[in-house]
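# What the coordinates show
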Amino acid sequence: MRAGLILFVYLEKFMPVVVVVGMQWGDEGKGKIIDLLAENVDVVARYQGGHNAGHTICFNEKQFVLHLIPSGIFHENKLCVIGNGVVLDPQALVDEMRQLEETGIVLEGRLVISDRANIIMPYHGTSDKGRETRGGFQKIGTTGRGIGPSYADKIARAGIRTCDLRDEAYLKDRLLANYQEKQKTLKNLYNIELPEFSSLFDELLSYRDTILKYIADTHVLLRHQIAQNKNILCEGAQGTMLDVDHGTYPFVTSSNSTSGGACTGLGISPKKIDKVLGVIKAYTTRVGEGPFPTELSDEHGQHLGKVGREFGATTGRARRCGWFDAVVARYGVHLNGIDALILTKIDVLDGFKTIQVCTGYKYKGKIFSDMPADSKIIQNCEPVYTEYEGWSENTVGIQELDRMPDNARRYIDSLTELLETPFMMISTGPDREQTIQLDSLF
Ligand code: GDP
Ligand code: IMO
Ligand code: MG
């Protein structure tokens with residue numbers, strides 16, 4: 001009896017469910033890191049967002065950008081799950097599946113989609129773009145992929161879910177109710193006419209067989225995987241500062257990208273989450289509108305954008321660039337419960353004489369070291385900087401910490417101290433190989 005108990009406790013300790021989150025405004029390099037970590041796990045499960053995400057993976061001199069399919073797909077025998085928290089555009093999904101199959105990746109038996117995921121319909125994209133260009137609201141600079149309107153329908157209990165594809169009559173009724181509502185609102189608000197109902201319905205039906213082949217009750221599947229001591233990696237999209245509750249609202253996405261989203265977006269109990277890892281860039285970027293205290297509109301910002309190739313992996317838009325913001329990072333460490341961080345793109349800082357790190361926001365004589373709720377304060381604050389010596393050496397592709405220039409090591413050590421959190425890996429280039437492993441996950 002006692003031996004059984006000890007064995008049980010032992011197994012509990014070694015069956016990790018690990019959540020990987022972005023720590024800034026997205027594009028921290030989550031795709032590279034999740035692909036790398038996926039080598040040692042059984043399941044990679046995406047928990048929120050939609051095809052607004054663009055996760056880049058590089059190996060064997062090839063580059064792939066994934067939008068919906070989890071970043072474990074390039075490792076054979078890994079199960080890839082799209083959770084209930086994801087909003088699914090059928091066309092984007094089918095296109096991405098085809099592209100992967102063309103490169104020889106077998107998806108059947110490896111890709112599983114939640115039967116509870118909400119579907120993005122073309123009118124969601126229309127509504128997203130309408131509000132951005134013609135609405136009375138401030139422009140968010142969305143990806144225009146219909147993410148906000150489809151999550152709005154989900155919360156309003158009007159959404160269409162993947163399981164609805166199983167029942168054609170129910171699907172038709174549900175879509176018609178949505179169609180009639182959207183037809184009126186889009187016409188009234190933006191003078192936009194929707195296509196005929198039949199064309200919308202037929203288009204949805206055209207994806208039905210493909211999607212039905214892949215859907216399952218993924219929460220049950222994950223529960224069984226956990227019971228069998230499998231290692232599960234929960235893949236977050238976007239980043240902490242784009243979280244709908246905790247980000248720079250209203251300049252955020254429409255889902256919970258922080259670690260709690262993994263529980264609701266996959267149906268995993270918080271008690272089963274073993275570790276949370278944060279992916280963080282050595283500087284900061286953001287795409288779209290919204291406050292960004294450390295943004296650089298000078299030649300330093302241009303240099304970061306050029307050397308870091310900071311163009312959106314989904315929309316191709318130039319990313320805004322700036323210095324590392326420790327207020328943002330500390331906020332993310334606490335909100336997500338970060339156990340270890342993974343620092344990316346340190347190589348992009350090569351050649352800077354000095355490097356700045358923001359440690360507080362000054363606003364009307366007051367210093368904020370915690371993130372204020374009000375976007376206007378974040379917009380109008382003055383960042384308080386600490387300056388570090390840069391390095392002239394080339395760090396691209398370095399795999400051992402010992403080979404890093406002294407000042408780069410000092411910069412990394414200072415970030416560890418500021419954030420009171422260790423680094424597990426340091427990424428020195430886009431490729432899988434261009435990584436310094438400081439600690440292993442399992
Ligand atoms: P994600 O959305 O968080 O997965 O990040 P993206 O793929 O949108 O953007 C990260 C970009 O940086 C991609 O082009 C990656 O190939 C690239 N990248 C990732 N890690 C590194 C790194 O350590 N150094 C450099 N130079 N590029 C990197
Ligand atoms: P990954 O997963 C960076 C941004 C958009 C916009 C805001 C709302 O690649 O890190 P949305 O279309 O979601 O309604 O847009 O969020 N955004 C991202 N920025 N990386 C992403 O994903 C993003 N997904 C959305 O630019 O400012
Ligand atoms: Mg991205």
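Residues numbered from 1 in each chain as written. Chains lettered and ligands numbered in written order. Predicted model: local features only at pLDDT ≥ 70, side-chain atom pairs only at ≥ 80, totals over all residues. Heavy atoms only, no water.

### As for the site of ligand 2
What surrounds ligand 2 is a group of 21 residues, the closest being K30, H55, T143, Q238 and T253. One nitrogen or oxygen atom from the side chain of K30 is found 2.7 Å from an oxygen atom belonging to ligand 2. Measuring from an oxygen atom of ligand 2, one finds a backbone N or O atom of Q238 at 2.8 Å. Relative to its free-state accessible area of 550 Å², ligand 2 is covered by the protein chains to the extent of 97%. Tallied by class, residues from the shell around ligand 2 come to 8 nonpolar, 10 polar and 3 charged. Both domains that furnish three or more residues to the shell around ligand 2 are identified here as domain 1 (15-115 + 217-437) and domain 2 (118-212). (Near = heavy atom within 4 Å. Polar contact = N/O pair within 3.5 Å; in protein donor to acceptor, adjacent residues only side chain to side chain. Areas by Shrake-Rupley, 256 points an atom, 1.4 Å probe, with all protein chains shown as cover. Nonpolar A, V, L, I, M, F, W, Y, C, P; charged D, E, K, R; others polar. Domains from an automatic or database assignment.)

### Quick word on the site of ligand 1
Lining the immediate surroundings of ligand 1 are 19 residues, of which K30, G31, T56, D347 and S427 lie closest. Within the backbone of G54, one N or O atom sits 2.8 Å away from an oxygen atom of ligand 1. Separating an oxygen atom of ligand 1 from a backbone N or O atom of G429 is a distance of 3.1 Å. Its free accessible area being 580 Å², ligand 1 has 93% of it covered by the protein chains. Contributing elements (two or more residues each) for the shell around ligand 1: α2 (30-38) and β3 (55-59). The class makeup of the residues in the shell around ligand 1 is 4 nonpolar, 8 polar and 7 charged. (Helix = DSSP H or I, 4+ residues; strand = E, 2+ residues; numbered from the N terminus.)

### Remarks on the sheet that holds strand β11 (residues 275-281)
Here 10 strands make up an open sheet; going across it, the order is β9-β7-β5-β2-β10-β1-β11-β15-β19-β20 and the pairing mixed. With one partner strand each, in any of the chains shown, β9 (215-216) and β20 (435-437) form the two edges of the open sheet. Strands β1 (17-22), β2 (43-46), β5 (79-82), β7 (111-114), β9 and β10 (232-235) of the sheet are contacted by helix α8 (residues 218-227), whose axis makes an angle of about 140° with β5. (Pairing = 2+ DSSP bridges. Contact = heavy atoms within 4.5 Å. Axes fitted to C-alpha atoms, helices over the stretch in contact; angles between N-to-C directions.)

### Some remarks on the coordination of the magnesium ion (ligand 3)
Taken together, the protein donors to the magnesium ion (ligand 3) comprise D27 (OD) and G54 (O), at separations of 2.1 to 2.2 Å. Placement of D27 in the loop between β1 and α2 and of G54 in the loop between β2 and β3 is noted, with a sequence separation of 27 residues between them. Residue class for D27 comes out partly exposed when judged on its relative accessible area of 21%. (Donors = N, O, S within 2.8 Å, 3.2 Å for Na, K, Ca; no water. Buried < 20%, exposed > 50% of the residue type's maximum accessible area, 1.4 Å probe, protein only.)

### Re the packing of aromatic side chains
In total, this model carries 9 aromatic pairs according to the counting rule given. Ring geometry for W25 versus F292: centroids 5.5 Å apart, planes at 45°, classification tilted. Taken together, the residues W25 in the loop between β1 and α2 and F292 in the loop between β12 (284-286) and α10 (299-307) connect sequence positions 267 residues apart. Cluster of aromatic residues (ring-pair linked, three or more members): F59, F64 and F74. (Phe/Tyr/Trp six-rings, centres within 6.5 Å; stacked < 30°, edge-to-face > 60°.)

### A word on the packing of helix α6 (residues 168-190) against helix α7 (residues 197-214)
Packing of α6 against α7 brings their axes to within 11 Å, and their N-to-C directions diverge by 135°. The orientation of α6 relative to α7 falls into the category oblique. For α6 against α7, the interelement crossing comes out right-handed. In contact with E168, L171, K172, L175, L176 and Y179 of α6, α7 contributes F197, L200, F201, L204, L205 and R208. Here the contact of α6 with α7 is built from residues that sort into 9 nonpolar, no polar and 3 charged. (Parallel < 35°, antiparallel > 145°, perpendicular 65-115°, else oblique. Left-handed = near helix turned anticlockwise from the far one by under 90°.)

### Things to note about the domain arrangement of the chain
Domain boundaries assigned for the chain yield domain 1 (15-115 + 217-437) and domain 2 (118-212). Averaged C-alpha coordinates put domain 1 and domain 2 at centres separated by 29 Å. The interface is formed by 30 residues belonging to domain 1 together with 24 residues belonging to domain 2. Summed over both sides, the interface of domain 1 with domain 2 buries roughly 2,200 Å², with 61% coming from carbon and sulfur. A per-residue breakdown of the area domain 1 buries against domain 2 is headed by V87, P90 and D115, which together make up 26% of the total. The interface formed by domain 1 and domain 2 contains 10 residue pairs in polar contact (both at pLDDT 80 or more). Residue assignment for the side of domain 1 that touches domain 2 shows that the elements contributing at least two residues are β6 (87-88), α3 (90-102) and β7. The residue inventory of the side of domain 1 that touches domain 2, partitioned by class, reads 11 nonpolar, 15 polar and 4 charged. (Buried area = accessible area lost by both parts, 1.4 Å probe.)

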